[in-house]
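So the chains spell out like this:
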Amino acid sequence: MWRQLAGPHWRPFTVLAACILLLAALDAGQGAFLSAATAYSTLQIFATVSLVTLGLGLTMMIREFDLSVVGMYGMAGCIAVLTGTEHPWLGFFLALAIGLAAGIAQGFIIVRLNLSSVGVTLGGLLVFVGIAFVLTESRSLPYDNLAVALLLNERFGGIFSIRSVVALAFFASAAMIFAWTRLGRDIIAIGSDRRAAMTTGVKVDALIIGIFAFSGLCAALSGVLLSYSLASASPAGLADVIAPAAAGAILGGISLGGGTGRPLGIAAGALTLAVLRSGLNAVGAPPFVNDIAMGAVLLTVAVLDGPDLARRLIVVRRLARRSPTA
Amino acid sequence: MQEVLSVWGVSKAYPGVTALEDVSFSLRRGEIRALCGENGAGKSTLVKILMGLVAPDRGSIAINGQTQVMRSPQQAQGLGLGLVAQELSLAPHLSILDNIWLGSAEVPFLHRRAKLRLRAQQALATLGLADWDLDRPVGSLTIGQRQLIEIARLLARDARVLILDEPTATLSDADIDRILGILRGLRAQGRSIIYVTHRLGEVFELCDSVTVLRNGAHVTTGPVSEITRAQLVELMLGRSFNDMYPKAAARADRGARMIVNNLRVPSAVHDFSMVAPRGCIVCIAGQIGSGANIVTRALAGLVPSATGNVMVDGRPMRLGSVPHCVGRNVLFISDDRAAEGLFPQLTVLDNLVASRLSAGARMGVLSWRELRRIGASLAQRVGVDRKRLTSQSNTLSGGNQQKLLFGRALASTQPGVLLMNEPTRGIDVGARAEIYRIMQELCDLGAALVMTSSDLDEVVGIADIVITLYRGRVVARYQGDDIAMASILSDITHITHSIRSVA
Amino acid sequence: MTKNSAAGTDVAVRAGARTRLDRAPLFAWLQTIGIVILVAVILATPGFLAGPSILALLTTVSFIGCVAIGMTLITISGNIMSFALGATVGVTAMVFILATNRLGFGAGLLVGVIFGSLLTGLQGLLIGSVRANPIIISIAALALIYGVTQVFSEKGTIYADQGTVPALAKGKIAGVPIEFVVFLVSAVIAQFILSATRFGRNLFMVGSSFRAAEAVGVITWRTITGAYLWAGFFTSLAGIMLAIRYDSANMDYGVAYDYDAIAAVLVGGTAIGGGGGSALRTFAGAMVIAAVQVMLLLKGLRQEWQYLAAGLIVLAVIVLQTRGSGR
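No experiment lies behind these values; they were computed from the predicted model shown.

Draft legend 1. Region of the structure containing the overall build of chain C. Secondary structure summary: chain C contains 12 helices and 4 strands in total. For chain C, the proportion of contacts with a sequence separation of at least 24, taken over those separated by at least 6, is 79%.

Draft legend 2. Structural view of the overall build of chain A. From N to C terminus, chain A includes 15 helices and 2 strands. Taken against the 2.2 N^0.38 rule, which gives 20 Å for 326 residues, the C-alpha radius of gyration of chain A at 21 Å falls within 12% of a compact globule. With the principal axes as the frame, chain A shows a C-alpha extent of 80 × 60 × 40 Å. Contacts in chain A between residues at least 24 apart in sequence constitute 75% of all its contacts with a sequence separation of at least 6.

Draft legend 3. Representation of unusual backbone geometry in the model. All names here are of chain B. Here the phi dihedral of Asp158 falls at roughly 60°; this positive angle occurs in a residue that is not glycine. Along the polypeptide, Asp158 turns up in the loop between helix H5 (143–156) and strand E7 (161–165). Assessed through the 13 C-beta atoms surrounding it within 10 Å, Asp158 is described here as partly exposed.

Draft legend 4. Highlighting the sheet that holds strand E13 (residues 281–285) of chain B. Residue and element names in this part refer to chain B. In space, the 6 strands of this open sheet follow the order E16-E17-E18-E13-E19-E20, with mixed pairing throughout. Among the strands making up the open sheet, the edge pair consists of strand E16 (330–333) and strand E20 (473–479). In this sheet, adjacent strand axes meet at a mean angle of 20° when their direction is disregarded. Pairing geometry for E13 and strand E19 (residues 465–470), over 4 bridges, is parallel. In the strand pairing of E19, Ile284 is matched with Ile467. Where helix H9 (residues 292–300) meets the sheet, its contacts fall on E13, E16, strand E17 (417–421), strand E18 (448–453) and E19, and the angle it forms with E17 comes to roughly 145°. Seen against the sheet, helix H15 (residues 429–444) touches E13, E17 and E18 and runs at an angle of roughly 145° to E18.

Draft legend 5. Region of the structure containing the interface of chain A and chain C. Chain A puts 45 residues into the contact, and the matching count from chain C is 46 residues. Looking at the side of chain A that touches chain C, the elements that each hand over two or more residues are helix H6 (117–136), helix H10 (194–200), helix H12 (242–251), helix H14 (288–304) and helix H15 (309–322) of chain A. A total of 14 residues in the side of chain A that touches chain C trace back to one element, the largest contributor, which is H6(A). Residue classes in the side of chain A that touches chain C are distributed as 28 nonpolar, 9 polar and 8 charged.

Draft legend 6. Looking closely at the packing of helix H3 (residues 36–61) of chain A against helix H13 (residues 263–282) of chain A. Residues and elements named next belong to chain A. Contact geometry of H3 with H13 gives a least axis separation of 8 Å together with a crossing angle of 140°. When the interaxial angle is binned, H3 and H13 end up oblique. Pair H3 / H13 crosses with right-handed handedness. Here Thr38, Ser41, Thr42, Ile45, Phe46, Val49, Ser50, Thr53, Leu54 and Gly57 of H3 come into contact with H13, specifically with Pro263, Ile266, Ala267, Gly269, Ala270, Leu271, Ala274, Val275, Arg277, Ser278, Gly279 and Ala282.

Draft legend 7. Local environment of the interface of chain A and chain B. Facing the 20 residues of chain A at the interface are 19 residues of chain B. Taken together, the elements giving at least two residues each to the side of chain A that touches chain B come down to helix H9 (182–192), H10 and H15 of chain A. Among the elements that line the side of chain A that touches chain B, the one with the most residues is H9(A), at 5 residues. Split by residue class, the side of chain A that touches chain B holds 8 nonpolar, 7 polar and 5 charged.

Draft legend 8. Structural view of the environment of Gly217(C). With respect to the helices and strands, Gly217(C) occurs in the loop between helix H8 (210–216) and helix H9 (220–246). A sequence separation of 100 residues divides Gly217(C) from Ser117(C), and the C-alpha atoms of the two residues are 26 Å apart. Among residues more than four places away in sequence, those in contact with Gly217(C) are Val322(B), Pro323(B), Val326(B) and Ser355(B).

Draft legend 9. View of the pairing of strand E4 (residues 58–63) of chain B. Residue and element names in this part refer to chain B. Sheet topology places strand E1 (residues 3–14) next to E4; 5 bridges connect them, and they run antiparallel. Each residue of the ladder has a partner; that of Trp8, found in E4, is Ser60. The antiparallel hairpin formed by E4 and strand E5 (residues 66–68) contains 2 residues in its connecting segment, where Asn64 sits at a positive phi of about 55°.

Draft legend 10. Representation of H9(A) in the model. The element H9(A) is largely enclosed, with a buried count of 10 among its 11 residues. Among the residues of H9(A), those classed as buried are Arg182(A), Gly184(A), Arg185(A), Asp186(A), Ile187(A), Ile188(A), Ala189(A), Ile190(A), Gly191(A) and Ser192(A).

Draft legend 11. Representation of the sheet that holds strand E15 (residues 315–316) of chain B in the model. Residues and elements named next belong to chain B. On the basis of which strands lie adjacent, the open sheet formed by 4 strands has the order E12-E11-E14-E15 and antiparallel pairing. Two strands in the sheet have a free side with no partner beyond their single neighbour: strand E12 (269–277) and E15. Pairing of strand E11 (residues 256–265) with E12, which is carried by 6 bridges, proceeds in the antiparallel orientation. Each bridged residue has a counterpart across the sheet, and for Met258 the counterpart in E12 is Ala276. In this fold H9 packs onto E11, E12 and strand E14 (307–312), with an angle of close to 115° to the strand it touches most, E11.

Draft legend 12. Up close: the nonpolar core. Ala76(A), Ala246(A), Leu298(A), Val282(B), Leu449(B), Val67(C) and Ile139(C) are the most contacted members of the largest nonpolar core, which totals 372 residues. Counting contributing residues, this core receives three or more from each of domain 1 (3–237) and domain 2 (256–492) of chain B. Not counting residues up to four positions away in its chain, the partners in contact with Leu449(B) are Ile281(B), Val282(B), Leu418(B), Met439(B), Leu442(B) and Cys443(B).

Draft legend 13. Up close: the packing of H12(A) against helix H5 (residues 134–153) of chain C. Across the interface, H12(A) lies against H5(C) with an axial gap of 10 Å and an inter-helix angle of 120°. Comparing their axes, H5(C) and H12(A) come out oblique. Crossing of H12(A) over H5(C) shows left-handed handedness. Two secondary-structure elements touch here, H12(A) through Ile242(A), Ala243(A) and Ala246(A) and H5(C) through Ile136(C), Ile139(C), Leu142(C) and Ala143(C).

Draft legend 14. Inspection of the pairing of E17(B) at higher detail. Residue and element names in this part refer to chain B. With 5 of its 5 residues buried, E17 lies for the most part within the structure. Burial along E17 is two-sided: the residues Val417, Leu419 and Asn421 and Leu418 and Met420 are all buried. Taken together, the 4 bridges between E16 and E17 define a ladder with parallel strand orientation. If you follow Leu331 over to E17, its bridge partner there is Leu418. Pairing analysis gives 5 bridges linking E17 to E18, with the strands arranged parallel. Counterpart to Leu419 in the pairing with E18 is Val450. With H15 bridging E17 and its parallel neighbour E18, the resulting β-α-β unit is right-handed.

Reading the values: the criteria
For every chain, the first residue of its written sequence is number 1, and the numbers climb from 1 along that sequence. For this description, chains carry letters from A and ligands carry numbers from 1, given in the order in which they are written. Predicted model: local features are reported for residues with pLDDT of at least 70 only, side-chain atom pairs are reported and counted for 80 or more only, and whole-chain, interface and lining totals are derived from all residues. Only DSSP runs of H or I reaching four residues or more are called helices, and only runs of E reaching two or more are called strands; each is numbered from the N terminus. By the convention adopted here, residues are in contact when the distance between their C-beta atoms, placed from the backbone, does not exceed 7 Å. A radius of gyration in this sense is built from C-alpha atoms; the matching globule rule multiplies 2.2 Å by the number of residues raised to 0.38. We call a residue exposed when 12 or fewer other C-beta atoms sit within 10 Å of its C-beta, buried when the count reaches 20 or more, and partly exposed for counts in between; the C-beta positions come from the backbone. A pair of strands is labelled paired if DSSP reports no fewer than 2 bridges between them. In this analysis, axes come from line fits to C-alpha atoms, helices being fitted only over the stretch in contact, and the angle between any two N-to-C directions falls in the range 0 to 180 degrees. Nonpolar residues are Ala, Val, Leu, Ile, Met, Phe, Trp, Tyr, Cys and Pro. Charged residues are Asp, Glu, Lys and Arg, and all others, Gly as well, are polar. Should an angle lie under 35 degrees it is considered roughly parallel, over 145 roughly antiparallel, and from 65 to 115 roughly perpendicular; all remaining angles are considered oblique. Helix crossings are classified by the rotation of the near helix relative to the far one: an anticlockwise turn of less than a right angle makes the crossing left-handed, while a clockwise turn makes it right-handed. We call a set of buried Ala, Val, Leu, Ile, Met, Phe, Trp, Tyr and Cys residues a nonpolar core when their C-beta atoms link them within 7 Å. As used throughout, domain bounds are those supplied by an automatic or database domain assignment. Orient the strands so they point away from the viewer, and a crossover whose first-strand-to-second-strand path over the helix runs clockwise is right-handed.

Put into structure tokens, the structure is as follows:
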């Protein structure tokens, strides 16, 4: 049973549980961590980054990487704020549409021209950032529809807000689609062995474009909700996104070799990071602990997932055995 | 009895090479047909045409009496054909059930359907694997078991004609017995099987009939009971013998450049030993799964788990470190020149002098004048136009690219050992002749050449010493006049079944 | 990053070769045309060649440019890019100021450069020895650098003590800002390393085909570690120059430099897949992007359009690049 808990399917949840227990222990009964307020702030932090984590995680699952989420995040927020003062829904859907279109465009370029996704999405990233700066004239824009801002963040049920519920609902839908439809099977196949997927007739090209479209959509959705709820948009983005997103995906079970990871696992990974951040804050730890913990996790996983690790260990073992006789 | 598959006059030519010429045969229900022929005989082209992957230039195909134009693999599957290729198409992270239905047009959007599960279950039952858990990830299966899942995939999609391409190449004896039993069971159900193989022993053990191809042409089709093993070998090889191999001057037995004892690579090579004399070409002959390629890689330092005793020029050489082997003048040319030999974006010059960068160098700074001189001379020696020195190497033809790799080997100042895997694979006749000339030149300089090749004409034509391998073990050694095509072929195809030792 | 190498059919291979051949001259033509247009527009823009705008351009481009030179080595080695170089700029600046305050200018320079080199070199060691994913390692380093610097300085600014930094270091040489001279010299040194040393050739080989380099006997982990060490060296120069100019250091230095640097590398014509490139061309790439930005500024377009222009140029370059497959 222990091995199963450590296995890729359950590990994100085990890690999440471990973190919660750890923080509860640190809290030592003071009630700072185990409180509704902390749960609320955890879910708020979750809502900010988790959808980007999902989109990025799916691209990582098929052994690609969507750098442009960073730029789309900011650009979507700016577009929504600029056009959504009178009609919030207009700004919302416009930003989502642009996110979707941009994702499709990038996916199309990657697939048709057979280019590296890192290169193309890097270009996309720079273009989105540029557009955001142009639209906002390099300023932070205030969002005057404060009613929407308050509504999005209004706390209900003790720990939820509309923002966090939207994020959770998105994850739930993604999880259901992934588990119950053939999309999920095909995507896993592409990540597991792309050649095998192509040979057996999986529509690899269409799915890759779809995944990048979804990633763009997720980034846009996150950006819009964040900007509305903070009542401002900044072309440089309002939150540091790439590191928590990658870390969340990896904690969520995405292996750099592809094929592993599920939406629910990614949710657990993103939730773990959110728990760490708000929990450490609640028990009074300084913010740097968060950055260091995240960096350490990414570093460890990257090294352990390194393809040549086994080879190096054989060599090291050989050298160690040889030195007494040398 | 109805003919379930018929092929008439199928021909296919690529620029410069005729893959198939007017091939015709037919297959009955419940028949297991062996498809035999040397590498390049046209077997894989024929299979691709049957599966709709490639369109023939001429000819027609009929399935159950109806002429069909094969357009795509999906269509072929729909008509009842199925292929288990040499390279398996399974996604290790998905379950057995998901892999059986992977990519099939029959899977609906909401993929969990009881009917599909039932059919998969029945397919496994047909193979005698009813107790296997459909939800187990394929990654946890052995390679023999994975092969069975590929067959199950064909059965679940109701394939009536199964094409198996070298199914037993990488299997253990127990796995082979199991598969042969399963195929007999499928035959009893009225399915037909096309069994593409080099393993002539299995042809006689399992198949009802055999079709032989040679150089793209259909040689014969007939019942296995009416042909002897010797006749089969003769038909595959034909009478003509290439004269393209330079007649090696009788090489007196010179000293040994490399002596190998007890080379072992876990699960691949068991107890390999060899002596590579100066100025001689040693050929290690074996099929896929024989471990021949792994032997050379291990001797080159590319296999960290290899163990054994290797002496080069009288001094021991360590295994597992490429720089060390290179330092001892043991060089390697891979069979995968695209991924492991050439530097595609670098120039021809860069590729040629890759191992000679220290020439004329002072304190780490290169001497480009010296390198250009060396490059020019190497280019001339291997027959590459000096004007191409500044072109990117991926603009060269396959033959010229291979010549570059040989040029690299010529670049070392002292003759050593050159290890090569399939040195002339995929190369046209003209370039081949040049490469044999270069190999000759290396021998004259005193180097020892050790190569692997699946082209038996080449092995017989150029080798001074031949070592035959079957599943990681040495079968026999031949020298000089003892080298004969028939005996080599028997060895590597395990036709005598004399080695059925416990693995 | 791709493990599966598809054994393509004859047709596919030939088609791929054809596209490769066709795009190379196309790209070269576009580059030449682009530069000709750029020079023409520059000469036609009033005020471009005037003193202040040129000087400002030269200074600004030098900071990013040094980082770009370092990034070039990483890209050539086949490791795409690093997200940690920008943060390295900031932290090296802070280390430099601290060391200068305590040990004097000369020692400060030495400590700063060694620190930056080792910090990046360590990442290279991990990437080179086990082939860890370079993007993830750099993101991890980014988080760790920000985290650890917060432990020591809580995101504040560190100031240089009076008189520790010589005024000479802030001036000009032959009318050109000293930062630009450093940038130029860095490009020349890096180019020398790339084209005239054995290490440089090894770098190209490793980036072109890792397995082929191994088969030839290149000690790949050493080569990659070396590339990152040098990248750290050039990056630390940028951090030190910033600290000198502003007499202070702050973790805001270098924010987003990674993106500007990789843009310069790509516009200069280095392939993102590795195995090709040149430090001098990165130099040109950085200058081109900066020139375009200044030119837009002088034409009356606001600063925002610079970012967009840079982004569009980079996207166009990537799409047109000759080396197709990177997946």
